[in-house]
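Structural overview for review
Here is what each chain is made of, one letter per residue.
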Amino acid sequence: MPKNKSKKAINWNRISGDYSKLFWDQNIRQFWVDEEISLVEDKKSWKTLSKQEQTTYEKILAGLTLLDTEQGGVGMPSILKHVDSLHDKAILTFMAAMEQMHAKSYSTIFSTLSSMERIDELFHWVEENKALQQKTKIIVDSYENITDDKSLYIAMASSVLLETYLFYSGFFYPLYLSGQGKMIGSGEIINLIIRDESVHGLFVGILAQQVLERIPEKERKELTDKVYSIMLELFEHEKTYTKELYGEIGLYDEVITYVEYNADKALMNLGLDTHFDVEDKDINSIVLNGLDTETKTHDFFSTKGNGYIKALNHDDFEEDDFNW
Ligand code: MN3
Ligand code: MN3
């Protein structure tokens, strides 16, 4: 950019993309605050869980806290810095604020369930857990190395992999418990977070596809191949992580199936072919039961399929699409 180029003010009366106002409105409509959700009942429910179940629950929340911390502090800010549209920047800024709300909401849950000493232990565990640190590093490295359209595409794709795929090894357990009527308040918070992440994944997926369109066609395959290889590298860490957290409570296989299912959704958000081909019916029905009806309709994004996003054709994208 030339040094003396005039700075432009954002003009909401001339919107750059036909989808920008829709995404802005939807994000605003979804705004929520962690402290609005009552966790009183969860305190009773917590005491009915075994020690091992409590440990799994605490660790998955601590792990999610790290991912949201990075997404709010590094991911969204890095991406928005490299996006041209002022409206898209505004939307990403709002999303970044919600990442901080997500990160904070886990602390709100912790403060209801655990002692301060235990909470400190969990935050220490986050720093020590290798699989968690490694998957986070892969994503954050891509955020910190944006120099051109190619690296911007990889950063955006990584963001979608984080939000539509990696979060779900953590989301599984609160959904699994709330699907059985346990830890309902916390489950409600997780549902609100999932509703946000589904919009974030869709939006950044669209931006990623726009960036890919700008790259010469013959160079695109190398980039999309790289997305699959990052996804698979992350999957190895995800398996280790899931084994550590869910192995002892016997849920490993079911969590992995759910993670595979969401990896496919992430690929779909990027307009790419699915890899694992897990179907809805393969998902533990208790987990689906834990998704509230409002959140369940986020499946609409995936069921619309590739063509919807792939073509970058947003003509059929209407306000009704967000009508949850
Ligand atoms: Mn988040
Ligand atoms: Mn997000």
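Residues numbered from 1 in each chain as written. Chains lettered and ligands numbered in written order. Predicted model: local features only at pLDDT ≥ 70, side-chain atom pairs only at ≥ 80, totals over all residues. Heavy atoms only, no water.

A separate point is the overall build of the protein chain. Tallying secondary structure elements over the protein chain gives 15 helices and zero strands in all. By residue count, 57% of the 324 residues in the protein chain fall in the buried class. Sequence-distant contacts in the protein chain: of pairs separated by 6 or more residues, those separated by 24 or more amount to 81%. A total accessible area of about 14500 Å² is found for the protein chain, and carbon and sulfur atoms account for 50% of it. (Helix = DSSP H or I, 4+ residues; strand = E, 2+ residues; numbered from the N terminus. Buried < 20%, exposed > 50% of the residue type's maximum accessible area, 1.4 Å probe, protein only. Contact = heavy atoms within 4.5 Å. Areas by Shrake-Rupley, 256 points an atom, 1.4 Å probe, with all protein chains shown as cover.)

All right, on to the packing of aromatic side chains then. Counted according to the given criterion, the structure contains 20 aromatic pairs. Judged by centre distance (5.8 Å) and plane angle (65°), the ring pair of Trp46 and Tyr57 falls under edge-to-face. Of this pair, Trp46 sits in helix α2 (residues 40–47) while Tyr57 sits in helix α3 (residues 51–81), and the two are eleven residues apart along the sequence. The exposure class of Tyr57 is buried, given its relative accessible area of 0%. Members of the aromatic cluster, each reached through a chain of ring pairs, are Trp46, Tyr57, Phe167, Tyr168, Phe171, Phe172, Tyr173, Tyr176, Tyr246, Tyr258 and Tyr261. In this structure, Lys135 packs its charged tip against the face of Tyr241, placed 3.9 Å from the ring centre. (Phe/Tyr/Trp six-rings, centres within 6.5 Å; stacked < 30°, edge-to-face > 60°. Lys NZ or Arg CZ within 6 Å of the ring centre and 35° of its normal.)

The subject of this paragraph is the coordination of the manganese ion (ligand 1). For the manganese ion (ligand 1), the protein coordination sphere consists of Asp68 (OD), Glu99 (OE), His102 (ND1) and Glu197 (OE), at 1.9 to 2.2 Å. Linear spacing of the donor residues for the manganese ion (ligand 1) on their chain is D-x30-E-x2-H-x94-E. (Donors = N, O, S within 2.8 Å, 3.2 Å for Na, K, Ca; no water.)

This part is about the pattern of salt bridges. In total, this model carries 14 salt bridges according to the counting rule given. For Asp141, the salt bridge goes to Lys137, with nearest N and O atoms at 2.6 Å. Residue Asp141 and its partner Lys137 are located together in helix α6 (residues 130–143), separated by four residues, close to a single helical turn. Residues Asp282 and Lys281 are paired through a salt bridge, measuring 3.4 Å at the closest nitrogen-oxygen approach. Judged by its relative accessible area of 37%, Asp282 falls in the partly exposed class. Accessibility expressed as a relative area gives 64% for Lys281, which makes it exposed. Residues joined in a network through salt bridges with shared partners are Asp34, Glu35 and Lys104. (Salt bridge = Lys/Arg side-chain N within 4 Å of Asp/Glu carboxyl O.)

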